[in-house]
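One-letter residues, chain by chain:
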Amino acid sequence: QMSSYNDNLILKVINNSESNNWNDAVHEWEIVDCYEDENLLSSCICGKECIKYCYTIRNNNGNELVPIGSRCINKFDRQDLNDFTTVHEKLFSLLHAIRDNKFITLSSEYFSRKLIEYLYQNGAFQPSIYNDNTPINDYNFLIKMFNQKKPPSQQQQKKINALIINNIRPYLENIIGDKIIY
């Protein structure tokens, strides 16, 4: 069964690529979208059922394949694509935690250095009086908090909460809020 999923994937990718061999074809694709299927009703292009995170990949030639699961994307053996799926799956779980009013710490349960960097690079932190109109200050603060061994002080936790409520939540609602299918 597993080998047929793999064969299906390779066939679909090569048939939609410019190159006719796997090792070259995998470099022609980018991830352009992602949605989360809460009910696991989606099936990957390889035939595997019940996938939760459904990616859309687009080839240089304009062809798109959807949905494709992160396991199949991992088979492309590209660090950039693997980073994308890892970060996006964390974005979804972070948004769920925020919506469920969970107490969120800067632990690896919800965060990673790559995730904080992604939020910063994609404009989640806006210039404000709280960061001296310099969003990188928020990024540096969160990285420092993420890296430190001891739990944040009450004051630091307040700042973390404020960044989550005022910056991260609106950003997540805006980019993936409508990409969760219940």
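Provided above is the structure to which this section pertains.
Residues numbered from 1 in each chain as written. Predicted model: local features only at pLDDT ≥ 70, side-chain atom pairs only at ≥ 80, totals over all residues. Heavy atoms only, no water.

## Brief notes about the pattern of salt bridges
Under the defined criterion, the tally for this structure stands at seven salt bridges. For Glu30, the salt bridge identified is with Arg78, shortest N-O distance 3.1 Å. Taken together, the residues Glu30 in strand E1 (residues 29-37) and Arg78 in the loop between helix H3 (70-74) and helix H4 (79-99) connect sequence positions 48 residues apart. Taking the relative accessible area as the measure of exposure, Arg78 reaches 8% and is therefore buried. With a closest N to O distance of 2.6 Å, Glu173 and Arg99 form a salt bridge. Within this pair, whereas Glu173 is found in helix H7 (residues 154-176), its partner Arg99 is found in helix H4, the two being separated by 74 residues in sequence. One network of salt bridges, in which partners are shared, links Glu30, Arg78 and Asp80. (Salt bridge = Lys/Arg side-chain N within 4 Å of Asp/Glu carboxyl O. Helix = DSSP H or I, 4+ residues; strand = E, 2+ residues; numbered from the N terminus. Buried < 20%, exposed > 50% of the residue type's maximum accessible area, 1.4 Å probe, protein only.)

## A word on the pairing of strand E3 (residues 64-68)
Note: strand E2 (residues 53-59) against E3, three bridges, orientation antiparallel. The residue bridging Arg58 from the neighbouring strand is Glu64, located in E3. Linkage of E2 to E3, two consecutive antiparallel strands, is achieved through a turn of four residues, within which Gly62 is found at a positive phi near 100 degrees. (Pairing = 2+ DSSP bridges.)

## Considerations on H4
Under the 1.5 Å per step criterion, the end-to-end length of H4 is 30 Å for 21 residues, consistent within 8% with the ideal 30 Å. Count one or two residues on from H4 and you reach Asn101, which has phi positive near 55 degrees. (Expected span 1.5 Å × (residues − 1).)

## With respect to unusual backbone geometry
Here the amide bond leading from Val66 into Pro67 is cis, since omega sits at -10 degrees, within 30 degrees of zero. Assignment of secondary structure puts Pro67 in strand E3. Its identity is not glycine, yet Asp77 carries a phi of approximately 55 degrees, on the positive side. Following the sequence through the fold, Asp77 ends up in the loop between H3 and H4. For Asp77, a relative accessible area of 67% corresponds to the exposed category. The phi dihedral of Asn101 is positive, around 55 degrees, even though this residue is not glycine.

## Some thoughts on the packing of aromatic side chains
For the structure shown, the criterion picks out four aromatic pairs. Considering the side-chain rings of Trp22 and Phe76, the 5.3 Å spacing of their centres and the 70 degrees angle between planes classify their relative orientation as edge-to-face. In this pair, Trp22 is assigned in helix H2 (residues 22-25) and Phe76 in the loop between H3 and H4, connecting sequence segments 54 residues apart. Its end group placed over the ring of Phe141, Lys159 keeps NZ or CZ at 4.3 Å from the ring centre. (Phe/Tyr/Trp six-rings, centres within 6.5 Å; stacked < 30°, edge-to-face > 60°. Lys NZ or Arg CZ within 6 Å of the ring centre and 35° of its normal.)

## Considerations on the sheet that holds E1
Taken together, four strands build an open sheet; the order of strands is E3-E2-E1-E4 and the sheet is mixed. Bordering the open sheet on either side are E3 and strand E4 (180-181), each of which pairs with just one other strand. With seven bridges joining them, E1 and E2 adopt antiparallel strand pairing. What sits directly across from Glu30, in E2, is Arg58. Here H4 sits on the sheet and contacts E1, E2 and E4; the angle it forms with E1, its principal contact strand, is near 25 degrees. (Contact = heavy atoms within 4.5 Å. Axes fitted to C-alpha atoms, helices over the stretch in contact; angles between N-to-C directions.)

## Here we look at the environment of Ala162
Among the secondary structure elements, Ala162 is positioned in helix H7. Spatially, the C-alpha atoms of Ala162 and Asp33 are 29 Å apart, while their sequence positions differ by 129 residues.

## Examining helix H6 (residues 136-147)
Helix length check: H6 (twelve residues) gives 16 Å between terminal C-alpha atoms against 16 Å at 1.5 Å per residue, within 8%. Among the residues of H6, Asp138, Tyr139, Phe141, Leu142, Ile143, Met145 and Phe146 are the ones counted as buried.

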